Amino acid sequence: GPNRPHPSPRPTFKSVQPNNLDQVSVPGGYDHHVIIRWGDPVLPGAPEFDFENQTGEAQAQQFGYNCDYVGFFTLDDDHGLLWVNHEYTNEGLMFAGYSGGGDADLEWIRVAMAAHGGSVVELERVYGTGQWKLVTEGARSFNRRITPDTPFRVAGPAAGHQLLRTEADPEGTRVLGTLNNCAGGMTPWGTILSGEENFHQYFVGAPATEANSRYGLRSGYSGRRWDRVDERFDLAKHPNEANRFGYIVEIDPHDPDSTPVKRTMLGRFKHEGANVNLTEDGRVAAYMGDDERFDYMYKFVSAKKFVEGSRKHNMTLLDTGTLYVARLEGNSPEEEIDGSGTLPSDGEFDGTGEWIPLCTDTESFVEGFSVAEVLIHTRLAADKVGPTKMDRPEDFEPSPATGKVYCALTNNSAREPGQADEPNPRGPNKYGHILEIIEDGADSAATTFTWNVPIVCGNPEDEDTYYAGYDKSKVMPISAPDNVAFDKQGNLWIATDGQPGSLGINDALHVVPMEGRFRGELKTFATVPFEAETCGPLITEDQKTVFLAPQHPGENGTVEAPTSVWPDGDFPRPSVVCAWHKGGRDIGT
Ligand code: FEO
Ligand code: CA
Ligand code: CA
Ligand code: CA
């Protein structure tokens, strides 16, 4: 039956072969369906998409651009709510004749702005299958667009701090919008956590400060020129506006009237996302990556316990607790880690680590920083305590089967051979790797852990790749691991962002067992259209559906000269797709 554990955790489908096709490909026995595309109506009464006559007003009611994280909550057996992050826009694919924000029609900038944020859409199951479709009839009362105009409440210890106050918000507690939402996670209390990642690119005119420089905020113009439509994006005039982005935001998709929240207790950096795990004593831990070359991995542990069914209480869990940053130490002699990827003599890239506390909600552990300063200038505070500089920490995911935690390190072209260390063993790191963290006592509240690198990505024919010791003649190539997810059996699903540039093949969705004798047997479940990045992925609770979001199909083309025409054959439209087994089997089996 669907709820019994599978007798073997090993995926048994036949891998999709590497390709450069302009389509979504899934294994034999599976099918897929495009659920919703950029521009499709989301809100009741929204206008139909009109590519040649787009307006900001219409876009604010329609599905946004570049989908990244996908979350899904079932309402009943046949209905559910899909949350989608709209990370950013490719204006050259949206507007004919676009040549940069400086000359852009102001309405185009309004459209691009409204295409950011997120969407909630109600789905219904095609009866008895793993296929989900958009609810287009009836009230669609849950449907919602979040845009750069949506008010957010600022919560946690930094709320109201002077660094967060602006002319429009003298209290420092109410911010318009969320930006560059990349990965995310679902909480046990039914909300979405979404990471504000590369927020720096929306601002111009940053004063030359240490903090602005550490966050990539520059004095010049950004290509997007949102300041031409909304002056708050000009930091010369509104210097604190950028301090109000770079957080984990929490959204309640079950209540379309709810005010989404910026959780300052989880720090401010280029947040890839946040994924939560309950601690042994019932508190909440959130694992988070700061996606920048040589930046850090973080963990938050709540002060209070999760209480099943008490939504109001659980909505306060992320405001009090402790924020940590990770330091990792290898157990092999340094001279054995030469940057080539050759395994050290103990046969593994592995070692121990500690979570270094930066602050609690009432106490700072970083000299010269108040609690609010740690939470607003988190990178600067972390720099003081010697964390390990990682190869772009992307998505994190705890395994529901074992409690072990996995982080995707996507790549790092800037790491010199001499800068290689055991947790980041290649310099340069062209293909990325996966890190496995085993918290001491299998408790997410632990402050010490052991770790290893189970997958060193690339072409398995190359010597500098490693698949947990598995026979490399039986695995698939993988590069640029990015978003990760688990199925119930404990198989790790890995979406990639960058296989075209590093391996010359389309991005893909891979799956790999993390336990047992097939640990390391990596297979390719899906490939995405030309020049798209694979986002999502999410395997539904009942294991019958995988959602994925091919992001930026044809990203190197233009309206005039498209390189992808997915999914409709005319011009590329970032979309969300579901895939399922036609015989009703669990995904991957
Ligand atoms: Fe938006 Fe770190 O990927
Ligand atoms: Ca070792
Ligand atoms: Ca990502
Ligand atoms: Ca994930």
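Reading guide: rules and limits
- Residues numbered from 1 in each chain as written.
- Chains lettered and ligands numbered in written order.
- Predicted model: local features only at pLDDT ≥ 70, side-chain atom pairs only at ≥ 80, totals over all residues.
- Helix = DSSP H or I, 4+ residues; strand = E, 2+ residues; numbered from the N terminus.
- Rg over C-alpha atoms; globule rule 2.2 N^0.38 Å.
- Buried ≥ 20, exposed ≤ 12 C-beta atoms within 10 Å, placed from the backbone.
- Contact = placed C-beta atoms within 7 Å.
- Pairing = 2+ DSSP bridges.
- Axes fitted to C-alpha atoms, helices over the stretch in contact; angles between N-to-C directions.
- Core = buried A, V, L, I, M, F, W, Y, C linked by C-beta atoms within 7 Å.
- pLDDT = per-residue confidence, 0-100.

The name given to the chain in an unreviewed UniProt entry is Phosphatase, and the organism recorded there is Nocardiopsis metallicus.

Draft legend 1. Layout of the overall build of the chain. For the chain, the helix and strand inventory stands at 8 helices and 31 strands. In terms of overall size, the chain behaves like a compact globule, its C-alpha atoms giving a radius of gyration of 22 Å where 589 residues would be expected to give roughly 25 Å. Taking the principal axes of its C-alpha atoms as reference, the chain extends roughly 60 × 60 × 50 Å. Here the chain holds 589 residues, and the buried ones make up 56% of them. Counted over contacts in the chain with a minimum sequence separation of 6, partners at least 24 positions apart contribute 61%.

Draft legend 2. Quick peek at the sheet that holds strand S31 (residues 575-581). As summarised here, the arrangement of the 4 strands in space is S1-S31-S30-S29, forming an open sheet in which the pairing is antiparallel. Single-partner strands in this sheet number two, and they are strand S1 (30-37) and strand S29 (533-539). Strand-to-strand, the axes of this sheet are offset by a mean angle of 25°, without reference to chain direction. When strand S30 (residues 546-551) meets S31, the two strands line up antiparallel, connected through 3 bridges. The partner of Val546 across the bridge, within S31, is Ala579.

Draft legend 3. Highlighting the pairing of strand S4 (residues 117-125). With 8 of 9 residues buried, S4 is to be regarded as a mostly interior element. In the sheet, strand S3 (residues 79-86) pairs with S4 via 8 bridges, with the strands oriented antiparallel. Among the inter-strand pairings, Leu81 is bridged to a residue of S4, identified as Glu122. Pairing of S4 with strand S6 (residues 144-146), which is carried by 3 bridges, proceeds in the antiparallel orientation.

Draft legend 4. Summary view of unusual backbone geometry. The linkage connecting Gly427 with the following residue, Pro428, adopts the cis geometry, with an omega of -5°. Relative to the helices and strands, Pro428 resides in the loop between strand S21 (405-409) and strand S22 (433-439). Here Gly536 and Pro537 are connected by a cis peptide whose omega angle stands at -20°. Counting through the fold element by element, Pro537 comes out in strand S29.

Draft legend 5. The arrangement of the nonpolar core in detail. Counting 156 residues, the largest nonpolar core has Val70, Leu266, Ala526 and Val576 as its most contacted members. The element that contributes the greatest number of residues to this core is helix H3 (residues 106-114), accounting for 6 residues. When near neighbours in sequence (up to four residues on either side) are disregarded, Leu266 contacts Tyr247, Ile248, Ala274, Ala286, Met288, Phe300, Leu318 and Leu323.

Draft legend 6. Region of interest: the sheet that holds strand S25 (residues 481-486). Within the open sheet, the 4 strands sit side by side as S25-S26-S27-S28. Their pairing is antiparallel. Only two strands of the sheet have a single neighbouring strand rather than two, namely S25 and strand S28 (523-527). The average angle at which neighbouring strand axes cross in this sheet is 25°, direction not considered. In terms of strand pairing, strand S26 (residues 491-496) meets strand S27 (residues 508-513) through 5 bridges, oriented antiparallel. Note that in S27 the partner of Leu492 across the bridge is Val512.

Draft legend 7. Examining the environment of Pro567 more closely. By secondary structure assignment, the location of Pro567 is in the loop between S30 and S31. On the basis of neighbour counts, which here come to 19 C-beta atoms within 10 Å, the residue Pro567 falls in the partly exposed class. Residues Pro567 and Phe233 lie 334 residues apart in sequence; the distance between their C-alpha atoms is 34 Å. Among all residues touching Pro567, those that are not within four sequence positions of it are Val34, Arg37, Arg573 and Ser575.

Draft legend 8. Looking closely at the confidence of the model for the chain. The predicted model of the chain has a mean per-residue pLDDT of 97, with 98% of residues at 70 or higher. Counting interchain partners and residues more than four positions distant, the pLDDT-below-50 stretch residues 1-7 has 6 contacts. The ipTM value of the predicted complex is 0.93, and its pTM value is 0.97.

Draft legend 9. Examining H3 more closely. Counting buried residues along H3, 7 of its 9 residues qualify, which places the element largely inside the surrounding structure. Inspection of H3 places Trp108, Ile109, Arg110, Val111, Ala112, Met113 and Ala114 among the buried residues, and these make up the whole buried set. As for H3, its buried residues are in contact with helix H1 (56-59) and helix H2 (91-94).

Draft legend 10. How the structure looks around the environment of Val559. Relative to the assigned elements, Val559 resides in the loop between S30 and S31. Residue Val559 is classed as partly exposed on the basis of its C-beta count, with 17 C-beta atoms lying within 10 Å. Along the sequence, Val559 and Glu91 sit 468 residues apart, while their C-alpha atoms lie 9.2 Å from each other. Look past the residues within four positions of Val559 in its chain and what remains in contact with it is Leu93, Phe95, Ala96 and Phe571.

Draft legend 11. Structural view of the pairing of strand S9 (residues 181-186). Among the 6 residues that make up S9, 5 are buried, leaving the element largely enclosed by the rest of the structure. Here S9 pairs with strand S10 (residues 192-196) via 4 bridges, running antiparallel. Across the sheet, Gly185 pairs through a bridge with Leu193, a residue of S10. Taken together, S9 and the strand that follows it, S10, pair antiparallel across an intervening segment of 5 residues, in which Gly190 is found at a positive phi of about 90°.

Draft legend 12. Seen up close, the environment of Phe396. Relative to the helices and strands, Phe396 resides in strand S20 (residues 393-398). Along the primary structure Phe396 and Glu272 are separated by 124 residues, whereas in three dimensions their C-alpha atoms are 8.8 Å apart. Non-local contacts of Phe396, meaning those with residues more than four positions away in its chain, are made with Asn275, Tyr287, Met288, Gly289, Val405, Tyr406 and Cys407.

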